[in-house]
Amino acid sequence: MSDSAFLTRRRMLAASAAGAVAATGVPAVASAAVHAEPSLSPETDVTLRWLGNNSWEITGAGKTILIDPWLTRFWTGTYTPEGASPDIEIESDPRLIDPYIGTADHILVTHGHYDHLTDVPYIADKTGAMVIGSESHLNMIKALGARTDKLSLVRGGEAFQHEGYTIEVFRSSHSAGGGKLPFPGTRPGKPPKRPKTIADLVEGDSLAYLITIGGVRIMNFGSSNYIAREIEGLRPDVILIQPGGTSTPSYVPRLFKALGEPRYVIPTHWDDFDEPLTEEAVDWGGLAALQEAVAQASPRSEWVKIDHLERFTVR
Ligand SMILES: [Zn+2]
């Protein structure tokens, strides 16, 4: 979940996000940043499809990589004034997943929260994809009943070469509204008892990923935070970035200072996921402030907003 879930009103949320952007006070970030290659010549069509929230399908070179696939979108109240109740029961419904998930080679888990992890066991078993996650993420996936043994435990710092693509893993940090991590905790050792509620799916450490496929470098974070020193000097062509970040110091400028100015910036995790995936995404209130902040921090990047289930092919 995003730190936005802990703010009570969308109007307050939008205002505070804009305030954070204006208050960063970091001038001339763009001139300090390094621009990626001016034009891409992908070796193959590389296409990103947005499946809502931070769920992405990345295809290229005959391979498919999923990030945080969550299609069930059971009602949570996350973006209501009251926020999500911790005792809401989680569910994973194949009828809502199967229309959108076919084959997959890899599933990347950024963290353990309900809007990221809940459908991973079913999708892992359905596709036979290798799942990458922390010890806690993999333990919760097992506890949810996954039968697959294709589970790759990482800590951050790993790099994996596969046929046609590489996956690099980085230690990351979750956003923390009010300075407090939502649903914190880890699940080391043996798998816990079966998670039943959204509070049972703890963050379990956060990871960021750099995927290189067809010569295109794509960076994703699961929430509006990162560890700058872990990603310093990476030069992705595409950054998937989510709104919010009001609890992260100079959230957007510092990120682009670390990563340079990518060719494309695509917003993610900006939809109210209590609304259906089959309809146009409903902005929970952070999108405009994010776009403005990106324009200031990385003016040469192209802002590519796509809607639910739409695709963007990197050129
Ligand atoms: Zn989260």
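You'll find the structure just up there.
Keep in mind that this is a model prediction, so the values were computed, not measured.

Give a detailed account of the overall build of the chain, specifying residues and quantitative values.
Check the secondary structure of the chain and you find nine helices and 14 strands. Counting every position in the chain, which comprises 315 residues, the buried fraction comes to 57%. Here the analysis covers contacts within the chain between residues at least 6 apart in sequence; of these, 70% occur between residues at least 24 apart. When the accessible area of the chain is evaluated, it comes to approximately 12600 Å², of which 49% is carbon and sulfur surface.

Before we move on, could you go through the packing of aromatic side chains and cite the residues and values that matter?
Aromatic ring pairs are described here by two measures, namely the spacing of the ring centres and the angle between the planes. Counted by the stated rule, this structure contains twelve aromatic pairs. Residues W70 and F273 carry aromatic rings whose centres are separated by 5.1 Å and whose planes lie at 85° to one another, so their mutual orientation is edge-to-face. Here the residue W70 occupies a position in the loop between strand 3 (63-67) and helix 3 (94-97), and F273 occupies one in the loop between strand 12 (264-267) and helix 9 (287-297), the gap between them amounting to 203 residues. Across the pair, exposure class does not vary: W70 and F273 are buried alike. Each ring, one from F74 and one from Y114, has its centre 6.4 Å from the other, and the planes form 45°; the classification is tilted. Separated by 40 residues along the polypeptide, F74 in the loop between strand 3 and helix 3 and Y114 in helix 4 (residues 114-117) bring together distant segments of the chain. Y114 gets classed as buried once you look at its relative accessible area, which sits at 0%. Among the aromatic residues, those joined into a ring-pair cluster are W70, F74, Y79, Y114, F183, F273 and W284.

Tell me about the layout of surface pockets, and please be specific about residues and values.
Its boundaries defined by the atoms lining it, the largest pocket holds a volume of some 220 Å³. Lining the largest pocket are 14 residues, with S134, V154, R155, D205 and S206 positioned closest to its centre. Looking at the lining of the largest pocket residue by residue, the class counts come to four nonpolar, five polar and five charged. In this model, the second largest pocket occupies a volume close to 170 Å³. Along its surface, the second largest pocket is lined by 13 residues, and S92, T118, P121, L144 and R194 are the ones closest to its centre. Classifying every residue of the lining of the second largest pocket by side-chain character gives six nonpolar, three polar and four charged.

Just give me the short version of the pattern of salt bridges, but keep the residues and values in it.
Counted under the stated rule, the structure contains eight salt bridges. Residues R73 and D271 are paired through a salt bridge, measuring 3.0 Å at the closest nitrogen-oxygen approach. Of this pair, R73 sits in the loop between strand 3 and helix 3 while D271 sits in the loop between strand 12 and helix 9, and the two are 198 residues apart along the sequence.

Basis of the calculations
The numbers attached to residues start from 1 for each chain and follow its sequence in the written order. Confidence filtering applies because this is a predicted model: local features only for residues at pLDDT of at least 70, side-chain atom pairs given and counted only at 80 or more, and all residues used for totals across whole chains, interfaces and linings. Computation of side-chain values: all heavy atoms of the structure, hydrogens and water removed. By the criteria applied, helices consist of DSSP H or I runs no shorter than four residues and strands consist of E runs no shorter than two, each listed in order from the N terminus. The cut-offs for exposure are 20% and 50% of the maximum accessible area for each residue type, with area from a 1.4 Å probe on protein chains only; residues under the lower value are buried, those over the upper are exposed, and the others partly exposed. Contacts are assigned to residue pairs with any non-hydrogen atoms lying within 4.5 Å of each other. Only the protein chains shown count as covering a residue, and every accessible area follows the Shrake-Rupley method with a 1.4 Å probe. The pairing test for Phe, Tyr and Trp rings, Trp by its six-membered ring, is centres within 6.5 Å, and the orientation test on the planes gives stacked under 30 degrees, edge-to-face over 60, and tilted for anything in between. Two kinds of site are reported from a 1 Å grid over the protein atoms alone, namely cavities, where a 1.4 Å probe fits but cannot get out, and pockets, open sets with protein on both sides within 12 Å along at least five of seven lines, and residues are called lining when an atom falls within 4 Å of a point. Grid points are joined across faces, edges and corners, and a volume is the space filled by probe spheres set on the points. Gly is put with the polar residues, along with every residue not named as nonpolar or charged; the nonpolar set is Ala, Val, Leu, Ile, Met, Phe, Trp, Tyr, Cys and Pro, and the charged set is Asp, Glu, Lys and Arg. Within this document, salt bridges are pairs made up of a side-chain nitrogen of Lys or Arg and a carboxyl oxygen of Asp or Glu, the two lying within 4 Å of each other.

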